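Structural description and commentary
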Amino acid sequence: MKKTVRLLLIFMSVVIIALAVGLYYFFMKGTEAAGGKPTADEIVENSVEIPEITTNLLNGDYIRISFTIQTDGKKAKEELEKRNFQVENVIIKKLSGLEAKDLEGTDGKVKLETDLKESLNEYMEEGKIIQVYITSTIIQ
């Protein structure tokens, strides 16, 4: 009898844990966890536009650049908007260590987007940055 009760308790515990993990995954991961990609409207709703920034590059050239940053949800977007001064600071520091040749071609721009995403995610507490998009750039 004791063995049956013990097995029943173990089975119920496993079912409850599996249910809790499933609910967490469903509610915390949102649309992407359900297997679908976010819609264009969801991407826009969770994105923050960074207005044009003008700064010097390492080699003396200067760059005018703007970004749109996609977050994983409304709370992350709100946090990112509050951290706007930190976002601009990270961008300016990153750009000041680059030369114009570092930003040439697709590879240079993708590397910048990836580096900024990683750097900015270190500041995030209420979610994460999914993607950084360069929306305009001029190097002179």
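This text follows the structure it describes.
Residues numbered from 1 in each chain as written. Predicted model: local features only at pLDDT ≥ 70, side-chain atom pairs only at ≥ 80, totals over all residues. Heavy atoms only, no water.

The next thing to look at is the environment of E79. Its location among the elements puts E79 in helix 3 (residues 74-82). Along the backbone, E79 and Y123 are 44 residues apart, and their C-alpha atoms lie at a distance of 9.6 Å. If we ignore the near neighbours within four places in the chain, the residues touching E79 are Y123, M124, E125, E126 and G127. Engagement of the side chain of E79 in a polar contact is seen with the backbone nitrogen of E125, the distance being 2.9 Å. (Helix = DSSP H or I, 4+ residues; strand = E, 2+ residues; numbered from the N terminus. Contact = heavy atoms within 4.5 Å. Polar contact = N/O pair within 3.5 Å; in protein donor to acceptor, adjacent residues only side chain to side chain.)

The next thing to look at is the sheet that holds strand 3 (residues 129-139). In space, the three strands of this open sheet follow the order 1-2-3, with antiparallel pairing throughout. Whereas interior strands pair on both sides, the edge strands pair on one side only; in this sheet they are strand 1 (47-56) and strand 3. Strand after strand, the sheet turns through a mean of 20° between neighbouring axes, direction not considered. Judged from the eight bridges that link them, strand 1 and strand 2 (residues 62-71) form a sheet pairing that is antiparallel. Of the residues in strand 2, the one forming a bridge with E49 is T68. (Pairing = 2+ DSSP bridges. Axes fitted to C-alpha atoms, helices over the stretch in contact; angles between N-to-C directions.)

Now for the nonpolar core. Counting 24 residues, the largest nonpolar core has I50, F67, I69, I91, L95 and L112 as the members making the most contacts within it. Breaking this core down by element, the ones donating at least two residues are strand 1, strand 2, helix 3, helix 4 (84-96), helix 5 (105-121) and strand 3. If sequence neighbours within four positions are ignored, F67 has contacts with V48, E49, I50, I91, L112, L116, V132, Y133, I134 and T135. (Core = buried A, V, L, I, M, F, W, Y, C linked by side-chain atoms within 4.5 Å. Buried < 20%, exposed > 50% of the residue type's maximum accessible area, 1.4 Å probe, protein only.)

Let's shift gears to the side chain of N46. Mapped onto the elements of the fold, N46 is located in the loop between helix 2 (40-45) and strand 1. Within the local environment of N46, its side chain forms a polar contact with the backbone nitrogen of K74, the two atoms lying 3.4 Å apart. When residues no more than four places from it in sequence are discounted, the contact partners of N46 are I69, Q70, T71, G73, K74 and K77.

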